Structure formats: C-alpha cells, structure tokens
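# Geometric and topological summary
Take a look at the letters that make up each chain.
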Amino acid sequence: MDQDAGGARVGLLATQALLLSGDDVRIEVNVAPGAWLDVVETTGTVAYEGEAPSSWTIDASVGDGAVLTWAGKPFVVSDEIATHRGTRIRLHGTGKVLMQEKIVLGRAGQMGGDLTMALDASDDTGPVQMEYLDLGQQARQMPGVFGDLRSMDTVTALGWTPEPIGEPEAGTTGPGETYFLLDRSGAALRWMGIGRFRDQLCDLTFAAWREEAMRDYRHRRAVRPSTAPDGSPFSPAGGASPQGRCKVLSIT
C-alpha cells in the first residue's frame, strides 16, 4: 500500500472465505533491525460455525530499532464454533510493537461460540506480557468475567510506555475503558461493551500511539550515521537500503 527505504504498509486481503471450520491460519512476520512495518487488515474476519475448531495465529519477530504496528478489524465468533486467536511476539533491542484487536462474540442475533485468546510477548530479557483468556460460553458467564458483554477492543503497546490520550470512563454500552501499565515497558487500553465498537478512546489511542512510535523511529533515523555498525551502507537520506529490511515471511 505504501513504502519507503525503511519499510512498508502492507494490506491483508483474504482471497477466499475464512475462517471456515477446521481452518488454521498462521501469519509469520519478521521486521528486520531498523525497519518499520504497518499491517492493515482490509476487512474483518468471521469464524464460521462448524464441528472442527478453527484458529488464527500471529507470530512476529521485531528487530532492534524496528517498529511493527497492526490495526486489526473485528474478529467475529459465530455460534456453534470453537476458535482460538493467538499472538506471539519477540522484541529485540529497542524494537516496538503496537497492536489493536477487536473481538465480537456472535453475528447479528447470535450469542457467539467458544473463544480462547493468548498473548505471549517477550524481549531479550524475558517475558513482557503473558495473557490467556477463556471466553467460552460457560466461562464468560462466571461472575466478573464477561457476562452479557459482546465486544472487546484492546490496544497494546510493547517496547515503550505511552500515556493514555484521554480519561477512561464508563459509558452506556458497557463498563468502559481501562488503562493498564505493564510491570516492564508497555501499556494496554481495553474496552468491553454490549454492542458494536462504540468506545470513544481505543481508535484514537491507537492512532496517537502509532504517531508517537513512528515519530521516535523517524528521529532515530534522522540522526543515524551514514554507515551501520556492521559496515553496511545507508542511503544519503539517512534511510536503510530497502533490500531485506522488512519482509512478510509467509501467510498460509
């Protein structure tokens, strides 16, 4: 969709229906040191009903000084399906990741099937964020879990700790947003509600945090010397050679 000497904006577009019952979609991404990658989901994803479970898994490696941003569209869980959504992130050096995940339980007139979600993020030191959510029909009816809520929007920043751009507050569509500071470098903003995405903060937060991450990235590149530590050349404009800087490894 767009590119420069240091990276690219890549759109994900399904060429056939997914997630069908039994589908196992795996996306592997490698962002090389000093590069940037902005992943844009062009449409939402529906986990359709069926006897066989389905899954959607992202495995991302982000190099030193690199930035990965990923704005997800709604992931809709139909009735009568068990599906899993997993994300594995490996940060190196001063790499940064910003991701947004939108979850909807049930299509129109449905309650939604069984969903599990997992996030496993680490850097060169060790774990940064580990999360496992069981949003199966039985589990989410337990006190303090999900109740009659149907939507969840989460913006997660790893590798630096941005501040919220507004004041999280409860609204008429659910309990509202909650801002979480990670014990190490990172933060998350999460909204849960009874309907579609009516939160007033998550989309704005993703846009602001992405601008912050890219502003820091552009500043580093502007002051970078003309030769990399390993002796490889950089372009006169201060950008890295485009060969091998950013690559989507495989989408199967």
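For clarity, every value in this text was computed on a predicted model and none was experimentally measured.

In this section: the layout of surface pockets. Here the largest pocket is characterised by a volume of approximately 460 Å³. Lining the largest pocket are 22 residues, and of these L13, A14, T15, L18 and W56 sit closest to its centre. Listing elements by their share of the lining of the largest pocket, those giving two or more residues are β2 (7-12), β3 (24-31) and β5 (45-47). Sorting elements by how many residues they give to the lining of the largest pocket places β3 first, with three residues. Residues belonging to the lining of the largest pocket are distributed by class as follows: eleven nonpolar, eight polar and three charged.

Time to look at the nonpolar core. If you look at the biggest cluster of nonpolar residues, it comprises 38 residues, and the most contacted ones within it are L68, W70, F75, I89, V97, L115 and L158. V155, W160, L189 and W209 belong to the second-largest nonpolar core, a separate cluster that totals 16 residues.

To continue, consider the pattern of salt bridges. Enumeration according to the criterion identifies 13 salt bridges in this entry. For the salt bridge of R9 with D2, the shortest nitrogen-to-oxygen distance reads 3.5 Å. Of the charged contacts in the structure, one is a salt bridge between R9 and D38, with a shortest N-O distance of 2.7 Å. Residue R9 is located in strand β2, and its partner D38 is located in strand β4 (residues 36-41); the two are separated by 29 residues in the primary sequence. Through salt bridges with shared partners, a single ionic network connects D2, R9, D38 and R210.

What counts as what
- Residues numbered from 1 in each chain as written.
- Predicted model: local features only at pLDDT ≥ 70, side-chain atom pairs only at ≥ 80, totals over all residues.
- Heavy atoms only, no water.
- 1 Å grid on protein atoms, 1.4 Å probe; cavity = no way out; pocket = protein on both sides within 12 Å on 5 of 7 lines; lining within 4 Å.
- Points joined across faces, edges and corners; volume = space filled by probe spheres on them.
- Helix = DSSP H or I, 4+ residues; strand = E, 2+ residues; numbered from the N terminus.
- Nonpolar A, V, L, I, M, F, W, Y, C, P; charged D, E, K, R; others polar.
- Core = buried A, V, L, I, M, F, W, Y, C linked by side-chain atoms within 4.5 Å.
- Buried < 20%, exposed > 50% of the residue type's maximum accessible area, 1.4 Å probe, protein only.
- Salt bridge = Lys/Arg side-chain N within 4 Å of Asp/Glu carboxyl O.

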